[in-house]
2 protein chains.
Amino acid sequence: MNALSNDRRNNIEDVAREARVSTATVSRALRGMPNVAPSTRERVRKAARLLEYRADPTASRLASGRTNTVAMVVPILDGWYFATVMAGAEGVLTDRGYELLVFVAGDEEARSRLIMSSRLRGADGMILVDVALTEAEAGTLLQLGGPIVSVGMEFGGFTSVVVDDVEIGRSATQHLVDLGHIDIAILGGAGDDPLGYLVPDRRREGYRQALDKVGIARRAELTIDGTFSVRSGYETMQELLALRHPPTAVFSMSDEMAFGALKAIRDSGLSVPGDISVVGVDDHPMSWVMDLTTVQQKVAGHGALAGRLVLDQIEESHEPLRQEAETSLIIRGSTAPPR
Amino acid sequence: MNALSNDRRNNIEDVAREARVSTATVSRALRGMPNVAPSTRERVRKAARLLEYRADPTASRLASGRTNTVAMVVPILDGWYFATVMAGAEGVLTDRGYELLVFVAGDEEARSRLIMSSRLRGADGMILVDVALTEAEAGTLLQLGGPIVSVGMEFGGFTSVVVDDVEIGRSATQHLVDLGHIDIAILGGAGDDPLGYLVPDRRREGYRQALDKVGIARRAELTIDGTFSVRSGYETMQELLALRHPPTAVFSMSDEMAFGALKAIRDSGLSVPGDISVVGVDDHPMSWVMDLTTVQQKVAGHGALAGRLVLDQIEESHEPLRQEAETSLIIRGSTAPPR
DNA sequence: CTGAAAGCGCTTACAG
DNA sequence: CTGAAAGCGCTTACAG
């Protein structure tokens, strides 16, 4: 019995019988291969239509060795960033006749279980988005032999799509410095990630460079670790507001954190940008609504690029490479000179 | 050659040889089936580990007739609602050993191409989220024989997960009426959808009922059609603000539209809820940040429910049924009595 | 341009 | 508890 079917479905033999040709010819005719007489092809098509025949993808895959599927692994599904990368990738996969199989590996256990399972074998290639692999896991994956594209993280041997996170941190901070701010805080992910998620460290490095360049002494209490979430932005901002000398400007490593920070500032009775300026990273759709100055990443573009890279490698096995996507500062109303 | 592999992978025969048993025993031992001697099972496991054997999912599928895959069809991927439904479904699918294959059918053409293709045959069942099918398409899908669960739309023969949209419209409007508003506008999707997307009409019906109940005369110009997006909320709100007698309260059929409306109100120099109250639908994560009063839907729960329903039917073929999920009004700071 | 046949790598009655 | 063998439904050299 086939997937999605209870009653018997017509198979390639039924079509062959109906069209009075061999199954080989049916296969060739229906897939538009060359070397099929036009009249034969038409006869086969008619028979297939009559019998409502659709090739069983599973059988095609087993026989051909190609699944026409790309696996995408994300830490979560319901986050703007991941959904947007996925949407970007999906577009190119569909255009090129591939399907998208989605896996969520939210924690170490799920990730390791996924990698040890046979599930990833059901795809011709894979895209990992912000998935922090251990050395051993990367090795296991590489051993599968199919192309792997990593978005957001870099691994040796994997093709990767990244942005210049140091530059992101620098340009955001520079913007605040240019406005005249001295007490500039930074909200972001935790540093020293054991799994090598370097984005927070790099953005922080850019922040440091921008401050050091103009000789602004960094105040340690203005660097606060959190997670890239609205809630965390709210809480970390509250910590900053509780300081004896709160900052006059905040660089938030993601727009979602920035949204939380904006709320915390307003909830405390202060205004943006009057009392405190805020700059984020991403250009999340809500940033326009929130009038948030931000460093734009073209996230859907990253997904599309990852899709293109993985398909190119599936189809002609290139060398792994590193692609860097552009980012740019978008100045909106959440930033202004200090009082 | 297998998916994701260039060099030859070990197959079940290699493992059988190594463990000195038949392939049938390897299959049974590795899948944890009963009637395998403990010592034999251990030997097979060891051999599999040694040879880094992982069963080829494609071959398993062809032989067993089960794909262990559920297809999910959405109109777009990068929208909060769809990503959240997907996340909810993914959780239960993964827990029960199923994989998630994602298809996007954004317009009629893509939808019809998808349905006519053999791609949906690669799954044991499917979940459609807000997919507006024609009669013919629904028939084609039903003919596939596998269970189909529709989220957000109802079709005869399909199991569906819905909410009481009339009640949503009524409770949101009632809340505004209770606050003393008379000039209450409604922003939402277009009515009279040829494809039967009834949500806008039903929410509008609830709005009417709430007004009629207390005898408030409806002003036609306060009903404006748009799409469920931030941008559309912004634009339709601008239209309302341009009226000679703008409303003092707005019921927006989605939170995202409401966000756009909030921005339009503020951009015009008015305040919320001082000048205009706004209530949305969804309880989008940003609603907390925006302090938006809204009718909450447990969207991830809808996805999880859909997942459970489709799996239950795959595993024991139930009758199609209709599940109605709860909604509830969450009062925040975007609503207040009129001036 | 077409067909016969092998093969893809598993699972599953069936028999013992 | 285990194995031999058929079968899942296609695709693909190979031969003609």
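Everything numeric in this text was worked out from a predicted model, so none of it was measured.

We now examine the packing of aromatic side chains. Overall, the coordinates contain six aromatic pairs over all chains when judged by the stated rule. Aromatic pair W288(A) and Y234(B): ring centres 4.9 Å apart, planes at 70°, arrangement edge-to-face. Of this pair, W288(A) sits in helix α12 (residues 285-290) while Y234(B) sits in helix α10 (residues 230-241), each in a different chain. Look at Y234(B) and you get buried, because its relative accessible area is 12%. Aromatic pair Y81(B) and F82(B): ring centres 5.3 Å apart, planes at 90°, arrangement edge-to-face. A single burial state applies to Y81(B) and to F82(B), both of which are buried. Looking at K263(A), its charged tip hangs above the ring of W288(B), at a distance of 5.0 Å from the centre. It is R231(B) that lies over the ring of W288(A); its NZ or CZ is 4.4 Å from the centre.

Here helix α4 (residues 57-64) of chain A crosses helix α4 (residues 57-64) of chain B at 135°, and the two axes come no closer than 9 Å. Between α4(A) and α4(B), the angle is such that the two are oblique. Note that α4(A) runs across α4(B); the crossing there is left-handed. Contacts between α4(A) and α4(B) involve T58(A), A59(A), R61(A) and L62(A) from the first element and T58(B), A59(B), R61(B) and L62(B) from the second. Classifying every residue of the contact of α4(A) with α4(B) by side-chain character gives four nonpolar, two polar and two charged.

Calculation criteria
As a convention, each chain's residues are numbered from 1 in the sequence order in which they are written. Following the order in which they are written, the chains are lettered starting with A and the ligands numbered starting with 1. Local features are withheld for residues below a pLDDT of 70 in this predicted model, meaning they are given only at 70 or higher, and side-chain atom pairs are given and counted only at 80 or more; totals for whole chains, interfaces and linings count all residues. Only hydrogens and water are set aside when side-chain values are computed; all heavy atoms of the structure are taken into account. Pairing of aromatic rings covers Phe, Tyr and Trp, the last through its six-membered ring, and needs centres within 6.5 Å; plane angles under 30 degrees mean stacked, over 60 mean edge-to-face, and all others mean tilted. Only DSSP runs of H or I reaching four residues or more are called helices, and only runs of E reaching two or more are called strands; each is numbered from the N terminus. Working definition: with a 1.4 Å probe on protein chains only, accessible area under 20% of the residue-type maximum means buried, over 50% means exposed, and in between means partly exposed. Geometrically, a charge over a ring is one whose NZ (Lys) or CZ (Arg) sits within 6 Å of the ring centre while staying within 35 degrees of the ring normal. Here, axes are lines fitted to C-alpha atoms. For helices the fit covers the stretch in contact, and angles between N-to-C directions go from 0 to 180 degrees. These descriptions rest on fixed angle ranges, namely under 35 degrees for roughly parallel, over 145 for roughly antiparallel, 65 to 115 for roughly perpendicular, and the rest for oblique. Crossing handedness follows the turn of the near helix against the far one: under a right angle anticlockwise gives a left-handed crossing, and clockwise gives a right-handed one. We call two residues in contact when some of their heavy atoms are within 4.5 Å. Nonpolar residues are Ala, Val, Leu, Ile, Met, Phe, Trp, Tyr, Cys and Pro. Charged residues are Asp, Glu, Lys and Arg, and all others, Gly as well, are polar.

All quantities given are derived from atomic positions and should not be read as evidence of function.
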